[in-house]
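Observations on chain architecture
Spelled out from the first residue to the last, the chains are:
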Amino acid sequence: LIHFYKRESRRMQFFHLFLLCCHLLVTLTDAKKDAKSSLASRVEQLTDLSNRRPVIRLNGNRFRDLVKASPRNYSIIVMFTALESGRQCAICKQASDEYQLVANSYRFSPVFSNKLFFAMVDFDEGPDVFQSMKLNTAPVFIHFPEKGKPKKQ
């Protein structure tokens, strides 16, 4: 009788282990689906925003959601600037005008795709972003590639 309980106990342990593995497999599959739908949602949001204006304006939350989030199957070039007149950054205005021109040219070029986006973070709209990126000057251009580390230009 004791031998029977030991065998049943092992069977139950195996059964519980099997159930745990099944649960983990389902959880991982759901997580992958969520990541894919989240990625698709971000690409759709970026595409909608870039259709409205070639350079997407970002605050701290949008920067974290659209630029820093992963996985990412797109690249973003972000201009960090200080356009507020009180900041007295004359070069920022000139750089912004040129950046707008480049982004607009890309938008209407034959190579346009939803794999590259242009964005801008103004210091007054995202000081936390400047702090997290350890930036203390403007303008700064950083390319956030699909894979790999950001590249400062």
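Residues numbered from 1 in each chain as written. Predicted model: local features only at pLDDT ≥ 70, side-chain atom pairs only at ≥ 80, totals over all residues. Heavy atoms only, no water.

**Details of the overall build of the protein chain**
Each helix and strand counted, the protein chain has four helices and five strands in total. Secondary structure elements of the protein chain occur, N-terminal to C-terminal, as α-β-α-β-α-β-α-β-β. A burial count over the protein chain gives 31% of its 153 residues as buried. A separation threshold of at least 6 residues defines the contact pool for the protein chain, and within that pool the share at least 24 residues apart is 70%. (Helix = DSSP H or I, 4+ residues; strand = E, 2+ residues; numbered from the N terminus. Buried < 20%, exposed > 50% of the residue type's maximum accessible area, 1.4 Å probe, protein only. Contact = heavy atoms within 4.5 Å.)

**Notes on the state of the cysteines**
This model, assessed by the stated rule, comprises one disulfide. Between Cys 89 and Cys 92 runs a disulfide, and the two sulfur atoms are separated by 2.0 Å. Because the sign of the S-S torsion sets the handedness, a value of about 70° for the bond joining Cys 89 and Cys 92 places this disulfide among the right-handed ones. Like Cys 89, the residue Cys 92 is buried in the burial classification. (Disulfide = S-S within 2.5 Å.)

**Some words on the packing of aromatic side chains**
If you walk through the whole model with that rule in mind, you get nine aromatic pairs. Judged by centre distance (5.7 Å) and plane angle (70°), the ring pair of Tyr 99 and Phe 118 falls under edge-to-face. With Tyr 99 in helix 3 (residues 90-107) and Phe 118 in strand 3 (residues 116-122), this residue pair connects regions lying 19 residues apart in the sequence. Through a chain of ring-to-ring contacts, three or more aromatic side chains come together here, namely Phe 63, Phe 80, Phe 123, Phe 130 and Phe 144. (Phe/Tyr/Trp six-rings, centres within 6.5 Å; stacked < 30°, edge-to-face > 60°.)

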